[in-house]
Amino acid sequence: MKRITSFEQYEKEYKQSVENPEAFWAEQAEQFTWHKKWDKVLEWNFDEPAIKWFSGGKLNITENCLDRHLEKRGDQIAIIAEPNDPNGKVRKISYKELHTEVCRFANVLKNNGAKKGDRICIYMPMVPELAIAVLACARIGAIHSVVFGGFSFKSLSDRIHDADCNIVITADGGFRGAKDISLKSTVDEALETCPSVKKVIVLKHSKIEVTMKDGRDVWWNEEIKNVSNNCPAEIMDAEDMLFILYTSGSTGKPKGVVHTTAGYMIFVDYTFRNVFQYNDGDVFWCTADVGWITGHSYLIYGPLLAGATTLMFEGIPTYPDAGRFWNVIDKHKVNIFYTAPTAIRSLEAMGLDFVKPYKLDSLRVLGSVGEPINEEAWNWYNENIGKKKCPIVDTYWQTETGGIMISALAGITKTKPGFATLPLPGIQPVLVDEKGNELQGNGVDGRLCFKFPWPGIIRTTYGDHKRCKETYFDIYKGYYFTGDGSRRDEDGYYRITGRVDDVIKVSGHLLGTAEIENAINEHPDIVESAVVGFPHDIKGWGIYAFVICDHQRTDTDSLKKEIIQTVTKFMGPIAKPDKIQIVKGLPKTRSGKIMRRILRKIAENDLANLGDTSTLLDPSVVDEIKEGVL
Ligand code: WT7
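Please read these numbers as outputs of a predicted model, since none were measured by experiment. (Residues numbered from 1 in each chain as written. Predicted model: local features only at pLDDT ≥ 70, side-chain atom pairs only at ≥ 80, totals over all residues. Heavy atoms only, no water.)

Enquirer: Got a minute to help me understand the pairing of strand 7 (residues 143-146) in this structure?
Expert: For a regular strand, side chains alternate in direction, first toward one face of the sheet and then toward the other. Burial along strand 7 is two-sided: Ile-143 and Ser-145 and His-144 and Val-146, pointing in opposite directions, are all buried. With four bridges connecting them, strand 6 (residues 119-123) and strand 7 associate as parallel partners. Bridging across to strand 7, Ile-120 finds its partner in His-144. Here strand 7 runs beside strand 14 (residues 241-247); their pairing, made up of two bridges, is parallel. Along strand 14, the bridge assignment pairs Ser-145 with Ile-244. (Buried < 20%, exposed > 50% of the residue type's maximum accessible area, 1.4 Å probe, protein only. Helix = DSSP H or I, 4+ residues; strand = E, 2+ residues; numbered from the N terminus. Pairing = 2+ DSSP bridges.)

Now the structure itself:
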């Protein structure tokens, strides 16, 4: 398969992609299996927004991930599954076997009433059946909505509700390090408020006891026994929905980001092959959970479209010790490794003794994703993992972009620590000032927007198109706005400086401050709360919560513990506050709006630069908060 092989070629391809985007993307689309070719490559306007790629085209993405490869690489391994237990059984699934398993499970879905267009929620551990479930939905034209297994019952039920799912696919439980995680019981709790769900399909994976509800719950392992190996792919329109994936926003309610079939497919395939410089036969390991977009695009769809071998790991980087990643790389001869800065920083903090026992000589390319990678972590990754021989691609993108937008091409683009570097062909970034004026030239700081559509762009937010318009397309007219600040340096290289809205990146996970506040406020003794981020050595950003509590509580230590338990219960452990400060009041304007700018400064311990506080309803609350800062 063709890919860019030199910087000159990148420059040429970039130029072509801007001068004639339709011809550029049509050429990328040619290699796929289509039941009917498209009528029109692109129709778009960013005001509605209304964006269509390859309209009139008919296809099924799973034929391109699976059937298309059977002849040439049917016996090649598609998925290597490394279990949580280092001595447990590794599973290797060939393209032929994966094709069969996907068809079989697609038939199970059909037997349980699934049809084209249904929304199916997937809440599973990181096992091959998760990938099989995703692909089986796509096979029959059902829209998958994967929810990260670390989310709690409330986050799960909100997402099931919003997408009006009729089926949930789950497992009895999973394994994460020394802990067993129950999943089915969380589903049961979530479904108490989700009457739309008619069937729950449960994979038997752990030894965790579950209760099965008669008429609703069935075992995957039973259902799979009596189905055919054959399931013709449903023929989909290019713009039919492929999946919904929820992401946090500035309001308390997560947004269901919608991606459609053909554009997403072409974009993840192109970016996968070019960014990572994938070679036939490479073993690719993306450590992200499939519950996030990185797992969708670069653990499942991208690698399978390219015919790669993709590794799926159920465990955690520190079990049985902090050498596990490096152990797995040697064990499976991983060639391309893709992880998050937060993982790199936490492993760096454990010391080099965990790295030394491993050769790591199969590695050729390293990737980073999800948050800015600081120079120190970049250097550590480069020296100790890549042995200064592996180019590092710092890939900038979002759930909404479907795939990588700004990144070096491994070994081709000259890298600079801390910089995502240059836009991929087809991607037209701009920086704007606060009023939306485009900043020209290099050496400028602004807000990062894109001014032209790419095939993987978000089409809508499920059930609420207005929200999509308001969040991404209304703020700066004519542009898609990312919510990130960025610098373009003297060489035209992009450095992402971080979020400019009310969401925070905690260990690479995007969390809405309002969502965390809602969870905290579930505690009966909390009157009000305000959450902001503060710089954190390992997590990138930590969570700082200012809470006003009912005056009767004086046992602050146990109150703080209860708050943490409440957040874990209603949102999940990833949203636990790192610091909780109990305050008497919050800095509010006369119209009642919390001035987060001031709280952010306090949380950062930048007490000398709080700025203007004169417009506050009661400026004295600031002094009280300053005194109690943690
Ligand atoms: C936000 C999107 C990228 C897919 C997984 C996360 C931040 C992402 C980088 C990077 C600096 C980055 C941005 C972005 N981000 N990659 N390489 N350098 N920041 O997807 O959860 O939708 O988060 O992650 O702030 O807007 P997501």
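Enquirer: Honestly, the site of the ligand in this entry has me stumped. Any pointers?
Expert: Near the ligand you find 17 residues, and of these Asp-394, Thr-395, Thr-399, Asp-484 and Arg-499 are the closest. One of the side-chain nitrogen or oxygen atoms of Lys-505 is found 2.9 Å away from an oxygen atom of the ligand. Relative to its unbound accessible area of 550 Å², the ligand is 95% covered by the protein chains. Taken together, the residues of the shell around the ligand sort by class into seven nonpolar, five polar and five charged. (Near = heavy atom within 4 Å. Polar contact = N/O pair within 3.5 Å; in protein donor to acceptor, adjacent residues only side chain to side chain. Areas by Shrake-Rupley, 256 points an atom, 1.4 Å probe, with all protein chains shown as cover. Nonpolar A, V, L, I, M, F, W, Y, C, P; charged D, E, K, R; others polar.)

Enquirer: What exactly am I supposed to notice about the packing of aromatic side chains here?
Expert: The description of an aromatic ring pair rests on the distance of the ring centres and on the angle between the ring planes. In this structure the tally under the stated criterion is 45 aromatic pairs. Here the aromatic rings of Trp-34 and Trp-38 are separated by 4.9 Å at their centres, their planes lie at 65°, and the arrangement is edge-to-face. With respect to class, Trp-34 is no different from Trp-38; both count as buried. Residues Trp-326 and Phe-337 carry aromatic rings whose centres are separated by 5.9 Å and whose planes lie at 70° to one another, so their mutual orientation is edge-to-face. Of this pair, Trp-326 sits in helix 11 (residues 324-332) while Phe-337 sits in strand 18 (residues 336-339), and the two are 11 residues apart along the sequence. (Phe/Tyr/Trp six-rings, centres within 6.5 Å; stacked < 30°, edge-to-face > 60°.)

Enquirer: Even after reading the chapter, I still don't get the nonpolar core, so can you show me in this structure?
Expert: Among soluble globular proteins, nonpolar side chains are generally buried collectively. Residues Phe-54, Phe-105, Ile-169, Phe-276 and Tyr-301 are the most contacted members of the largest nonpolar core, which totals 167 residues. Per-element accounting of this core gives the leading share, 10 residues, to helix 5 (residues 128-140). Non-local contacts of Phe-276, meaning those with residues more than four positions away in its chain, are made with Thr-271, Phe-284, Tyr-298, Ile-336, Tyr-338, Arg-364, Val-365, Val-393, Ile-404 and Ala-410. (Core = buried A, V, L, I, M, F, W, Y, C linked by side-chain atoms within 4.5 Å. Contact = heavy atoms within 4.5 Å.)

Enquirer: What is the right way to read the sheet that holds strand 16 (residues 283-286) from this model?
Expert: Within a beta sheet, neighbouring strands are joined by backbone hydrogen bonds and run either parallel or antiparallel to one another. Across the sheet, seven strands lie side by side as 5-4-17-16-18-19-20; this open sheet has mixed pairing. The sheet is open, and its two borders are formed by strand 5 (91-94) and strand 20 (392-395), each paired with just one other strand. Each neighbouring strand pair of the sheet contributes to a mean axis angle of 20°, computed without reference to strand direction. Sheet analysis places strand 16 next to strand 17 (residues 309-313), joined by three bridges and oriented parallel. What sits directly across from Trp-285, in strand 17, is Leu-311. (Axes fitted to C-alpha atoms, helices over the stretch in contact; angles between N-to-C directions.)

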